[in-house]
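Structure assessment
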Amino acid sequence: MSKADLDWPHLDFGYHKTDYNIRFTWRDGAWGAGELTTDESISLHIAATCLHYGQQCFEGLKAFETKSGDVVVFRIEENAQRMRRSCHKIHMAEVPEDLFTDAVFKVINANRKFVPPYGTGASLYIRPLVIGSGPQVGVKPANEYIFLVLVTPVGPYFKTGFKPVNLIVVEDADRAAPLGVGDVKVGGNYAAGLRASMRARERGFTEVLYLDAREKKYIDESGPANFFGITPAGEYVTPDSESILPSITNKCLITLAEEAGLKPQRRHVHVDEIFDFTEAGCCGTAAVITPVGSITYRDRKAIYSKDGKAGPRCSELYDKLTAIQVGDAPDNYGWVRRVPEK
Ligand code: PLP
Ligand code: COI
């Protein structure tokens, strides 16, 4: 099949129109049949709970074309499970894992020409979401839900690509509360972070780094990604926190770090430790690994890159991860799944 006419190597991380999305409605206790549609809008009841009470969650995963022309998705089972947890936590109808996978495969197949060609560095970003579509005025869960999957071809999340970004630690804003919903992927967490992010950008930083909301001592995560640091003793250190999203990418990196001879540690990471790290990175589906060049904390700055280049550990982990994702390296852990053609 011929590919869409897009400037693949220069795609940004934005919405690029594709041909189809797929939607399912949950009503009377069951999900209906999916409908593939070219319609980019949804018609919603004005009292839908997603509009008033934030009953909404989403996922993000990627599909890649391999050298042999197959299309593969990365860790889809993990995203399906996390979406179930998100739905459960804010009392929405859960999407069964087989329905999730089937929907993702169908929408990819309907949009194969938008899967970026192998070797371009771009990918097809898959965005499943669930919204409460049934009306309520009292604070109650909806009696109707929509599960929708859209796809869009994307390039790197941070426009600099695999180049170090500059973070600032924020102390006057929290993204999520310890016993709140920071550990699931609900839209409100991102709305909560927008003002801090925009303020950071106005000041010339790429993104923010949040501290734990309770004590403001330990690193939580960045706005759109988890955080890790590399210590002089060769440890891969990443925060353990109840208010961060359990990143699937981070889980992979912990495995790959161990393979690379680093010692992975998931634990509380005191903010002062940033001054000891030799390298640091943000990680996530969109961010992949984004090396961190500097972190500003109060009146001090931890600097990890002086030449605008990523450090050796970040580079090694990035190469290992991306080679598995596009099928260039063996998939020793069963992370990659081929999308069967319909
Ligand atoms: N943290 C936040 C807040 C995110 O939005 C994401 C993106 O999904 C991540 C971390 C990284 O998670 P994952 O690696 O599963 O994409
Ligand atoms: C992802 O990495 O898939 C995300 O959902 C992060 C988002 C802020 C783009």
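Here is what the cut-offs are and how they apply
Residues numbered from 1 in each chain as written. Chains lettered and ligands numbered in written order. Predicted model: local features only at pLDDT ≥ 70, side-chain atom pairs only at ≥ 80, totals over all residues. Heavy atoms only, no water. Helix = DSSP H or I, 4+ residues; strand = E, 2+ residues; numbered from the N terminus. Rg over C-alpha atoms; globule rule 2.2 N^0.38 Å. Buried < 20%, exposed > 50% of the residue type's maximum accessible area, 1.4 Å probe, protein only. Contact = heavy atoms within 4.5 Å. Lys, Arg positive; Asp, Glu negative; His and termini not counted. Charge placed at Lys NZ, Arg CZ, Asp CG, Glu CD. Axes fitted to C-alpha atoms, helices over the stretch in contact; angles between N-to-C directions. Left-handed = near helix turned anticlockwise from the far one by under 90°. Nonpolar A, V, L, I, M, F, W, Y, C, P; charged D, E, K, R; others polar. Core = buried A, V, L, I, M, F, W, Y, C linked by side-chain atoms within 4.5 Å. Expected span 1.5 Å × (residues − 1). Near = heavy atom within 4 Å. Polar contact = N/O pair within 3.5 Å; in protein donor to acceptor, adjacent residues only side chain to side chain. Areas by Shrake-Rupley, 256 points an atom, 1.4 Å probe, with all protein chains shown as cover. Domains from an automatic or database assignment.

**Digging into the overall build of the protein chain**
The helix and strand inventory of the protein chain stands at 6 helices and 18 strands. Compactness check: the protein chain gives a C-alpha radius of gyration of 20 Å against a globular reference of 20 Å for 342 residues, within 12% of the reference. Put simply, the protein chain has 342 residues, and 53% of those count as buried. Sequence separation of 24 or more characterises 72% of the internal contacts of the protein chain that already satisfy a separation of 6 or more. On the protein chain, the mean spot of the 41 positive side-chain charges and the mean spot of the 44 negative ones are 2 Å from each other.

**Examining the environment of P153**
Note that P153 resides in strand β8 (residues 144-154). In this structure P153 comes out as buried when scored by relative accessible area, which is 0%.

**Some details on the packing of helix α5 (residues 248-259) against helix α6 (residues 312-325)**
How two helices pack is summed up by the angle between their axes together with the distance between the axes. One can describe the packing of α5 onto α6 by two numbers: an axis separation of 10 Å at closest approach and a directional angle of 115°. For α5 against α6, the interelement crossing comes out right-handed. On α6, the residues that touch T249, C252, L253, L256, A257 and E259 of α5 are L317, K320, L321 and I324. By residue class, the composition of the contact of α5 with α6 is 7 nonpolar, 1 polar and 2 charged.

**Side note on the nonpolar core**
In summary, soluble globular proteins display a tendency toward joint burial of nonpolar side chains. In terms of nonpolar packing, the biggest core is built from 40 residues, with F100, I108, I126, V130 and F147 touching the most fellow members. Secondary-structure elements contributing two or more residues to this core are β1 (21-27), β5 (61-65), β6 (71-74), α2 (76-89), α3 (97-110), β7 (123-132) and β8. It is α3 that contributes the most residues to this core, 7 residues altogether. For I108, the residues in contact, after removing those within four places along its chain, are A63, V71, V73, V115, L124, I126 and V339.

**A word on α3**
Each full turn of the α-helix corresponds to 3.6 residues, which orients residues three or four apart in the same direction. Over its 14 residues, α3 extends 20 Å from the first C-alpha to the last, a length consistent with the 20 Å expected when each residue adds 1.5 Å. Burial analysis of α3 places 10 of its 14 residues in the buried class, the great majority of the element. Of the residues making up α3, those classed as buried are L99, F100, T101, A103, V104, F105, V107, I108, N109 and A110.

**Details of the site of ligand 2**
Neighbouring ligand 2 are the residues F13, F58, G60, Y125, R127, Y157, K185, Y190, P224, T285 and A286. The side chain of Y125 places a nitrogen or oxygen atom 2.5 Å from an oxygen atom of ligand 2. One of the side-chain nitrogen or oxygen atoms of R127 is found 3.3 Å away from an oxygen atom of ligand 2. For ligand 2, whose unbound accessible area comes to 280 Å², protein coverage reaches 89%. For the shell around ligand 2, the residue count by class is 7 nonpolar, 2 polar and 2 charged. Built from parts of two domains, the shell around ligand 2 gets at least three residues from each of domain 1 (8-154) and domain 2 (165-325).

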